[in-house]
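Spelled out, the chains give:
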Amino acid sequence: MKILFVNEIREADAYTILHEPIDSIDLMERASSAFVSWFKENYLVGNYKVKIFCGLGDNGGDGLAIARMLHPLGYDLEVFVVKFSKKISENFDQNLYRLEKQIPVKIIDNESFIVNFEKKDVIIDALLGSGLSRSLEGLLKSVVEKLNESEVPIISVDIPSGLFANKSNNLSDTIIKATHTVSFQIPKLAFMLPQNAEFVGDWHIVDIGLNEDFIEKVTAKFFYSTPLEVEKLIKPRKKFSHKGTFGHALLVSGSYGMMGAAILSARACMRSGVGKLTVHSIPSGLAIMQMLLPEAMYWETASGESDLFISTQYNIENIANKFQAVGIGPGLGVNIKIKESIEQLCELCAELSIPMVIDADALNNLSMDENRESLSKIPKNSILTPHPKEFQNLLNKSWKDDYEKLELLTQFAVNQGVIVCLKGANTAIALPDGTIHFNSSGNAGMAKAGSGDVLTGMILALLAQGYSPKEAAILGVYQHGLAGDKAAQNRGMNNMIASDIIENIRF
Ligand SMILES: NC(=O)C1=CN([C@@H]2O[C@H](COP(=O)(O)OP(=O)(O)OC[C@H]3O[C@@H](n4cnc5c(N)ncnc54)[C@H](O)[C@@H]3O)[C@@H](O)[C@H]2O)[C@@H](O)CC1
Ligand SMILES: [K+]
């Protein structure tokens, strides 16, 4: 699903009005009715008193139309119009006329207004939508502050009032803190970013029938991977297949005291459809791996290297025609000799065109040099799976906000020619073509040690089965999140551990 910028959404709106054709006021009617469908399912009539706060533009117009539609359903309603300017939109004006025939509207035109909130209240925020042009001040700011202090649920229409849809707010800005945001057809970039989580709350998309041909033609930079889109990527297992059909994966992982990372990664790999898996790790890890995961084969690093992961055993003979994909990183440790092993494997994979997924300590090792020259060893189209701190390490710099983070992410993926899955809520998958795909699954219960190792194993399995790096990244990240969601359902977010994610992998 495409994430469009405000000007593109406006164009989609205008195109729909012209080509469907439909009057602007009727499109607003459709949007408001879509909101009402969501609202009446989630806030049942009789249980709530609804207070609707409307601005003077089309977002306010939506609020008035919503009030008119909720009234005959039996909702206990109060409608407030905040007169923060002399300018009103035509659609607002018409909807005010239509509503006032049914119920009276209260005007708020100065900052000394008082609204008393009760436990049963729910607020609908229709003050400002995508038309926001500057930070809130004066009357609007004071209304939003009072709504945020009310301690009752706030449902924002299209976007929380005061939040920019596709650029950063100032830290000091006053913005509605919504419980839910019900947005029209196209998700906004702001919803994807951690810095806006406290304003957006849970967000939902409702369809308002904007012209699909127009949306299809827009060249988007940002995408939101919906379950339906991602599930289409799954390749069915053919009847006459054998383990060779599904590839042989090599996982380079683990060190003394960190064999758990290798086990989690290996088990997740085997649970994600791979034909065969070889784990390459330290001699003292052999017994552990063979006992805990008998399905995997083990390739020891040369003995005498003590407990550090150091391998100088990579050559064409033992890699070419043997492995269809290589995963490297979880639990390796950081050390100049480990770095050299990683570089050697990277160079060999680049030469043999073997797809790679590179994670955790492999990334830390490759970030070791002051000038980051090891990064040039990473084969093109490799998948890198850093968490934010590891990504800062790769860049050797930080970012001032999430928008700058996205810019740096795109630049890195394009310049290095790699795929970067920047982990977090709505993991951002940056492709070498300059696009970013946000993931739609997952939960905060996954923010625990071992979750990342599981992801590496899953992506490795997909690469070995012949999924393209783009497919493996998008599908792997999604299925990882989905398994995490199922684990959270079964065990609870606080209580689930990375092994529970593995137990819930199913696709
Ligand atoms: N584009 C679409 O697809 C549709 C949009 N609709 C609604 O229309 C909204 C956009 O409406 P508008 O473009 O009228 O914009 P808004 O209703 O968001 O804002 C109204 C006007 O307020 C002024 N304003 C902006 N920031 C301000 C500030 N900080 N202080 C004071 N005044 C400020 C601007 O002049 C702006 O045009 C959407 O969010 C959505 O709710 C829906 O009705 C139907 C479909
Ligand atoms: K709003």
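This one's a predicted model, so the numbers in the text were calculated from it and none came from an experiment.

Visitor: Can you help me understand the site of ligand 1 in this one?
Guide: Taken together, 23 residues lie around ligand 1, and N59, D62, G129, R134 and D158 are the ones closest in. With respect to ligand 1, the side chain of K87 contributes an N or O atom lying 3.1 Å from an oxygen atom. Contacts to ligand 1 include R134, whose backbone N or O atom sits 2.7 Å from a nitrogen atom. Look at ligand 1: alone it shows 860 Å² of surface, and the protein chains cover 85% of it. Only helix 1 (6-19), helix 2 (24-42) and helix 3 (58-70) provide two or more residues apiece to the shell around ligand 1. Among the elements that take part in the shell around ligand 1, helix 3 stands out by supplying 3 residues, more than any other. Looking at the shell around ligand 1, its residues break down into 10 nonpolar, 7 polar and 6 charged.

Visitor: Would you explain the packing of helix 2 against helix 3 in this entry?
Guide: Each pair of packed helices gets described by two things: the angle between the helix axes and the distance between those axes. Two numbers describe how helix 2 lies on helix 3: the axes approach to 9 Å, and their chain directions differ by 55 degrees. By the angle class used here, helix 2 and helix 3 are oblique. You can see that helix 2 and helix 3 cross each other, and the crossing is right-handed. Taken together, the residues of helix 3 that come into contact with helix 2 (itself represented by M28, E29, S32, S33, F35, V36 and F39) are D58, G61, D62, A65, I66, R68, M69 and L70. The residue inventory of the contact of helix 2 with helix 3, partitioned by class, reads 8 nonpolar, 3 polar and 4 charged.

Visitor: Where do I start with the side chain of S382 in this structure?
Guide: Within the fold, S382 resides in the loop between helix 13 (360-366) and strand 15 (383-385). Of note is the side chain of S382, whose polar atom sits 2.7 Å from the backbone oxygen of P379. Setting aside residues up to four positions removed in sequence, S382 forms contacts with M356, I358, V418 and I419.

Visitor: Mind showing me how you'd approach the domain arrangement of the protein chain here?
Guide: Note: interface size is frequently given as the accessible area lost on complex formation between the parts. Domain assignment breaks the protein chain into domain 1 (2-219) and domain 2 (230-503). The C-alpha centroid of domain 2 is placed 42 Å from the C-alpha centroid of domain 1. The interface of domain 1 with domain 2 comprises 14 residues on the first partner and 8 residues on the second. Interface area, domain 1 with domain 2, both sides summed: about 810 Å², of which 62% is carbon and sulfur. Broken down residue by residue, the surface that domain 1 buries against domain 2 is led by M192, L193 and Q195, which jointly contribute 51%. At the boundary of domain 1 with domain 2, the tally comes to 0 salt bridges. At the boundary of domain 1 and domain 2, one finds 3 residue pairs in polar contact (both at pLDDT 80 or more). Across the side of domain 1 that touches domain 2, the residue classes break down as 9 nonpolar, 4 polar and 1 charged.

Visitor: Help me understand the sheet that holds strand 12 (residues 297-300) in this model?
Guide: Backbone-to-backbone hydrogen bonds pair the strands of a sheet. The strands run either parallel or antiparallel. Spatial strand order, 1-9-18-17-16-15-14-13-10-11-12: 11 strands in an open sheet with mixed pairing. The open sheet terminates on both sides in strands that have one partner only, identified here as strand 1 (2-3) and strand 12. Bridge analysis of strand 15 against strand 16 (residues 419-422) gives 2 bridges, and the strand direction is parallel. For I383, the partnering residue across the bridge sits in strand 16 and is I419. This element, helix 14 (residues 388-395), spans strand 14 (356-359), strand 15 and strand 16 of the sheet and lies at about 140 degrees to strand 16. Here helix 17 (residues 469-491) sits on the sheet in contact with strand 15, strand 16, strand 17 (428-430) and strand 18 (436-438), set at roughly 10 degrees to strand 16.

Visitor: Where do I start with helix 1 in this structure?
Guide: Within an α-helix, residues lying three or four positions from one another point in the same direction, as the helix has 3.6 residues per turn. End to end, helix 1 covers 20 Å across 14 residues, agreeing with the expected 20 Å (1.5 Å per residue, within 8%). Inspection of helix 1 places V6, E8, I9, A12 and T16 among the buried residues, and these make up the whole buried set. For helix 1, the buried positions fall inside an angular range of 165 degrees around the axis, keeping them on one side. Tucked into the core, helix 1 has its buried residues touching helix 2 and helix 7 (212-217).

Visitor: Looking at this structure, I do not really get helix 9 (residues 259-270). What am I missing?
Guide: Across its 12 residues, helix 9 extends 16 Å between first and last C-alpha, which sits within 8% of the 16 Å expected from 1.5 Å per residue. Burial analysis of helix 9 places 9 of its 12 residues in the buried class, the great majority of the element. Of the positions making up helix 9, those classed as buried are M259, A261, A262, I263, L264, S265, A266, A268 and C269. Buried residues belonging to helix 9 abut strand 10 (248-252), strand 11 (276-281), helix 10 (286-292), strand 12, helix 16 (451-464) and helix 18 (498-503).

Visitor: Sorry, what's going on with a nonpolar patch on the surface here?
Guide: On the surface, I288, M291 and L292 cluster together to form a nonpolar patch covering roughly 310 Å² of accessible area. Inspection of the secondary structure assignment puts M291 in helix 10.

Visitor: Can you help me understand the pattern of salt bridges in this one?
Guide: Two side chains with opposite charge may pair up if their charged atoms get near one another. Applying the stated criterion across every chain yields a total of 16 salt bridges. One salt bridge connects E343 with K339, and the closest N-O pair in it is separated by 3.5 Å. Of this pair, E343 and K339 are both found in helix 12 (residues 336-352), 4 residues apart, which corresponds to roughly one turn of the helix. Neither E343 nor K339 differs from the other in exposure class; each is buried.

Visitor: What am I meant to see in the environment of V152 here?
Guide: Tracing the sequence through the fold places V152 in the loop between helix 5 (138-149) and strand 6 (154-157). Relative accessible area serves as the criterion here: at 10%, V152 is assigned to the buried category. As a C-alpha pair, V152 and A178 span 26 residues in sequence and 9.8 Å in three-dimensional space. Non-local contacts of V152, meaning those with residues more than four positions away in its chain, are made with F117, E118, D121 and I123.

Visitor: How should I be thinking about the state of the cysteines in this particular structure?
Guide: As used in these notes, a disulfide is a covalent bond between sulfur atoms, one from each of two cysteines. Using the criterion set out here, one finds 0 disulfides in the structure. Unpaired in terms of disulfides, C421 finds its nearest cysteine sulfur in C269, a separation of 16 Å. For C421, a relative accessible area of 0% puts it in the buried group.

Conventions we followed
- Position numbers for residues count from 1 along each chain, tracking the sequence in the order it is written.
- Chain labels run from A onward and ligand labels from 1 onward, assigned in the order the entries are written.
- Under the rules for a predicted model, residues below a pLDDT of 70 receive no local features and side-chain atom pairs below 80 are neither given nor counted, while totals for whole chains, interfaces and linings still include all residues.
- The side-chain numbers reported here are obtained from all heavy atoms of the structure, hydrogens and water having been left aside.
- Only heavy atoms are used to decide nearness, and a residue is near a molecule or strand if one of them lies within 4 Å of it.
- A 3.5 Å cut-off defines polar contacts: any pair of N or O atoms within that distance qualifies, except that in protein one atom must be a possible hydrogen donor and the other a possible acceptor, and neighbouring residues in sequence count only when both atoms are side-chain atoms.
- Only the protein chains shown count as cover for residues, and the accessible areas themselves come from Shrake-Rupley with a 1.4 Å probe.
- Note on conventions: DSSP H or I runs of at least 4 residues are helices, E runs of at least 2 residues are strands, and numbering of each starts at the N terminus.
- Residues are grouped as follows: Ala, Val, Leu, Ile, Met, Phe, Trp, Tyr, Cys and Pro are nonpolar; Asp, Glu, Lys and Arg are charged; every other residue, Gly included, is polar.
- To get an axis, fit a line to the C-alpha atoms, keeping to the stretch in contact for a helix; angles then go from 0 to 180 degrees between the N-to-C directions.
- By the definition adopted for this analysis, an angle is roughly parallel if under 35 degrees, roughly antiparallel if over 145, roughly perpendicular if from 65 to 115, and oblique otherwise.
- Handedness of each helix crossing follows the sense of rotation of the near helix against the far helix: counterclockwise by less than a right angle gives left-handed, clockwise gives right-handed.
- Note on contacts: a residue pair qualifies if any of its non-hydrogen atoms lie within 4.5 Å across the two residues.
- Domain extents, as shown, originate in an automatic or database domain assignment.
- Note: buried area is the sum, over both parts, of the accessible area (probe 1.4 Å) each one loses when the two are combined.
- Salt bridge, as used here: a side-chain nitrogen of Lys or Arg that lies within 4 Å of a carboxyl oxygen of Asp or Glu.
- Should DSSP find at least two bridges between two strands, the strands are regarded as paired.
- Each helix should span, by expectation, one fewer than its residue count multiplied by 1.5 Å.
- The classification of residues rests on relative accessible area computed with a 1.4 Å probe and restricted to protein chains. Under 20% of the type maximum is buried, over 50% is exposed, and intermediate values are partly exposed.
- In this description, the arc belongs to the directions extending from the helix axis to the C-beta atoms.
- Residues with no salt bridge and a relative accessible area higher than 30% make up the patches, which join like charges within 9 Å and nonpolar side chains (Val, Leu, Ile, Met, Phe, Trp, Tyr) within 5 Å.
- Two cysteine sulfurs form a disulfide in these notes if their separation is within 2.5 Å.

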